[in-house]
Amino acid sequence: MPLDEDKYPAETGRRRFVKGVVGSAALASVGTGGAAAVNTTTSQSGGGGGPTQYVAIENTAGPAPRGMPIVPVEVTSDGEIRGVFPEAETEEVGGVERVVAETDMGGITYSSQWFQYCGIEQYEGAQPEADADNLLRAASGENYAWQEDLEAGEPLTVDMFEDYESWGNGIGKGGLGKPAAARWRSETEGAKTIPVQVLRTPELPKMINGEQGFRDYSTIPQNIRSFLGAATEENFMAWLNKCTHFCCVPGYKKLEGSADFGGENGVYCQCHQSVYDPFSPTRVQFIARPRPTE
Amino acid sequence: MSDTDTTTNADGAEVRTDGTGIVPPDDETPTWSERKARSQGLARLTYEYFERSRREDQDLRQQSSYVERDVLAFPTWPHEMIRNLALVSFFVGMIVFLSAALPPHIGPPADSSSTPAVILPDWYLYWSFGLLKLGPLNPDISLLGGQKLMADRTYGVLANVVIVGFVAIVPFLNKGAARRPVEQPFWAAVGMSGVVFAFTIAVLSVKNLVPMDSHVIFDLTFFLPLVAAFVTYAVLRSMREGYMFNLNRRYYRLRPPK
């Protein structure tokens, strides 16, 4: 006696046919759907991005994976401080036109991809073609005491930093430079704010020349020193103020508590106690996120 | 009337003792004193007795017009529905009342370009937030040239898996048969260290706000649970010794040793 003799409904030719049709249709739809899902998740979703080398202020403590990228600065003839952003060019790679913004900065390729992390790649200001004057403007909100009489959005000028060689706010060692919280390429209507930290420091010439200063700068490699020479002006340096860990906005000598975590002379992130050292520029690599494409 | 196991009716037919032929008591039925005088056959007697009562019960049921049902619960309608309606309207009313009386505070949208000086998750998530700060425990693998096998943040997330996994495993290790901690001092100590660890890891998560050296906090995070475990174990063991002492004292008071 076959095992399925009393099976209901009985196996018939018609039934087997229907089962085959339904089963193959289900299999085919699963296969197609899976292929489509794999395709959407693995295809490149935007322009730019990928492995990128950049010069960072070093991450010395805490859970952050790498340092924050340095923003090259220059001083205009009016004494305003401007963050350099590479010119956008359209180049053809493998038959596909793409916009790249990169330039040579003291022997190191400075690219707009340096800033493509933490969602900044979606900000208007991070797009190479964005219409912006690149001036570093005073950030709004709670910042340094000396910045309180500044209007938010007012361009930072050199004369605001006259006292940079003696400035101190009781956190850490005084005389290491005068910081300012700034925003950059964010003046378009509805654009999201790119936070940048500006620091005018008397340590910069020593860093560029590899001398002994607040730290021993002779350990900084030559190519980074020449990058610093090209990326700074009148002792101004700047970096993108976005913690690479979870995208908080830390601050240089901003919080009293930074001393407990060795961050009193550096940049301290209050979220997870990451510490960055602006006096230790390093070259690091990360995977830049792609910009959205229309 | 004989003392043998088989009994006979007045008309001489043998009585079946399988329950089918049970008859009401008559003159043939042994009296209680007769039964008491028997020295054997008690098992059969008991069997007959119960079989007869079962039969009487069955007859009564069959004569009755009552339809017997098993009652497992009250009917859904109306009993359960009316009760549930009352409960539901009470809680919906409470929600409406509270939302009307306490309108929510809706803050401004999050500003990604500035971070407040104190930034923390809700207090009941501090323990998990603290687990994210276990970076110093993440080992440097010398084979990888001092590199870490995984990033500190991956390590912190895996720590959550370990802790939640341990909490999930404990009920399988100990079913909690003990009614009071003295019965199982070891497991009570494990539980106390867990409670203390939940507190210390929460403190670790706000280490930047605690006026203490952060390295000391980190060490205390793991040391205090151990201390709590040892103290709990010691206290419970000595309490148990105390109980045993009292028991022994009473015992020996009753029967003084020779």
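Quick look at the structure, then. (Residues numbered from 1 in each chain as written. Chains lettered and ligands numbered in written order. Predicted model: local features only at pLDDT ≥ 70, side-chain atom pairs only at ≥ 80, totals over all residues. Heavy atoms only, no water.)

### Looking at the overall build of chain A
- Looking only at helices and strands, chain A has three helices and 16 strands in total.
- Taken over the C-alpha trace, chain A has a radius of gyration of 27 Å; the compact-globule value for 294 residues is 19 Å, which it surpasses by more than 25%.
- Based on the C-alpha atoms only, the size of chain A along its principal axes is roughly 100 × 45 × 40 Å.
- Looking at the 294 residues of chain A, the share that counts as buried comes to 49%.
- When contacts within chain A are restricted to residue pairs at least 6 apart in sequence, long-range pairs at least 24 apart make up 66% of them.
- Surface accessibility of chain A: about 14200 Å² in total, with carbon and sulfur atoms responsible for 48%.
- Both charge centroids of chain A, one from 24 positive and one from 41 negative side chains, sit 10 Å from each other. (Helix = DSSP H or I, 4+ residues; strand = E, 2+ residues; numbered from the N terminus. Rg over C-alpha atoms; globule rule 2.2 N^0.38 Å. Buried < 20%, exposed > 50% of the residue type's maximum accessible area, 1.4 Å probe, protein only. Contact = heavy atoms within 4.5 Å. Areas by Shrake-Rupley, 256 points an atom, 1.4 Å probe, with all protein chains shown as cover. Lys, Arg positive; Asp, Glu negative; His and termini not counted. Charge placed at Lys NZ, Arg CZ, Asp CG, Glu CD.)

### Side note on the overall build of chain B
- Of regular secondary structure, chain B possesses seven helices and two strands.
- For chain B, the succession of helices and strands along the chain, N to C, is α-α-α-α-β-β-α-α-α.
- Long-range contacts, defined as pairs at least 24 residues apart, comprise 61% of the intrachain contacts of chain B with a sequence gap of at least 6.
- Split by element, the accessible area of chain B, about 20200 Å² in all, is 65% carbon and sulfur.

### Remarks on the sheet that holds strand E12 (residues 236-240) of chain A
Residue and element names in this part refer to chain A.
- An order of E9-E10-E11-E12 is seen for the four strands of this open sheet, with the pairing classed as antiparallel. In this open sheet, the two edge strands, each paired with only one partner strand, are strand E9 (136-138) and E12. Between one strand axis and the next, the sheet turns through 40 degrees on average, direction left out of account.
- Bridge count between strand E11 (residues 194-200) and E12: five bridges; the pairing is antiparallel. The partner of Val198 across the bridge, within E12, is Ala238. (Pairing = 2+ DSSP bridges. Axes fitted to C-alpha atoms, helices over the stretch in contact; angles between N-to-C directions.)

### So, the interface of chain A and chain B
- Opposite the 18 residues of chain A that make contact, chain B presents 14 residues.
- Summed over both partners, the interface of chain A with chain B buries about 1400 Å², with 53% contributed by carbon and sulfur atoms.
- On inspection of chain A and its partner chain B, the count reaches zero salt bridges.
- Linking chain A with chain B are seven residue pairs in polar contact (both at pLDDT 80 or more), by the criterion used here.
- Among the residues making up the side of chain A that touches chain B, the classes are represented as ten nonpolar, six polar and two charged. (Buried area = accessible area lost by both parts, 1.4 Å probe. Salt bridge = Lys/Arg side-chain N within 4 Å of Asp/Glu carboxyl O. Polar contact = N/O pair within 3.5 Å; in protein donor to acceptor, adjacent residues only side chain to side chain. Nonpolar A, V, L, I, M, F, W, Y, C, P; charged D, E, K, R; others polar.)

### A few points about the state of the cysteines
Residues and elements named next belong to chain A.
- This model, assessed by the stated rule, comprises two disulfides over all chains.
- A sulfur-sulfur separation of 2.0 Å characterises the disulfide bridge that pairs Cys118 with Cys247. Disulfide Cys118 to Cys247: torsion about the S-S bond roughly -85 degrees, handedness left-handed. Of this pair, Cys118 sits in the loop between strand E8 (108-111) and E9 while Cys247 sits in the loop between E12 and strand E13 (251-252), and the two are 129 residues apart along the sequence.
- Overall, the relative accessible area of 18% leaves Cys118 in the buried class.
- What makes Cys247 partly exposed here is its relative accessible area of 27%.
- Along chain A, the cysteines that take part in disulfide bonds pair up as 1-2, 3-4, counted in sequence order.
- Just so you know, Cys243 is unpaired, no disulfide at all, and the nearest cysteine sulfur is the one on Cys269, 3.8 Å from it. (Disulfide = S-S within 2.5 Å.)

### Focus on the side chain of Lys178 of chain A
- Along the polypeptide, Lys178 of chain A turns up in strand E10 (residues 178-184).
- A polar atom in the side chain of Lys178 of chain A sits 2.8 Å from the side chain of Asp163 of chain A.

### Quick notes on the nonpolar core
All names here are of chain A.
- Membership of the largest hydrophobic core comes to 67 residues, with the highest contact counts inside it found for Phe115, Leu136, Leu156, Phe161, Trp184, Val196 and Val198.
- A per-element tally of this core places E12 first, with five residues.
- In contact with Leu156, other than residues within four places in its own chain, are Gly79, Glu80, Ile81, Leu136, Arg137, Ala138, Leu150, Phe161, Ala180, Ala182 and Val198. (Core = buried A, V, L, I, M, F, W, Y, C linked by side-chain atoms within 4.5 Å.)

### Focus on the pairing of strand E7 (residues 96-105) of chain A
Residues and elements named next belong to chain A.
- Pairing of strand E6 (residues 88-93) with E7 involves six bridges; the strand directions are antiparallel. Its bridge partner lying in E7, Thr90 is registered against Val99.
- Counting the residues in the hairpin turn of E6 and E7 gives two residues, including Gly94, whose phi is positive at 55 degrees.
- The sheet contact formed by E7 and E8 spans four bridges and is antiparallel. Counted as the bridge partner of Thr103 is Tyr110 from E8.
- The loop that links E7 with its antiparallel partner E8 comprises two residues; one of these, Gly106, has a positive phi angle of about 60 degrees.

Any functional reading would require information beyond the geometric quantities listed.
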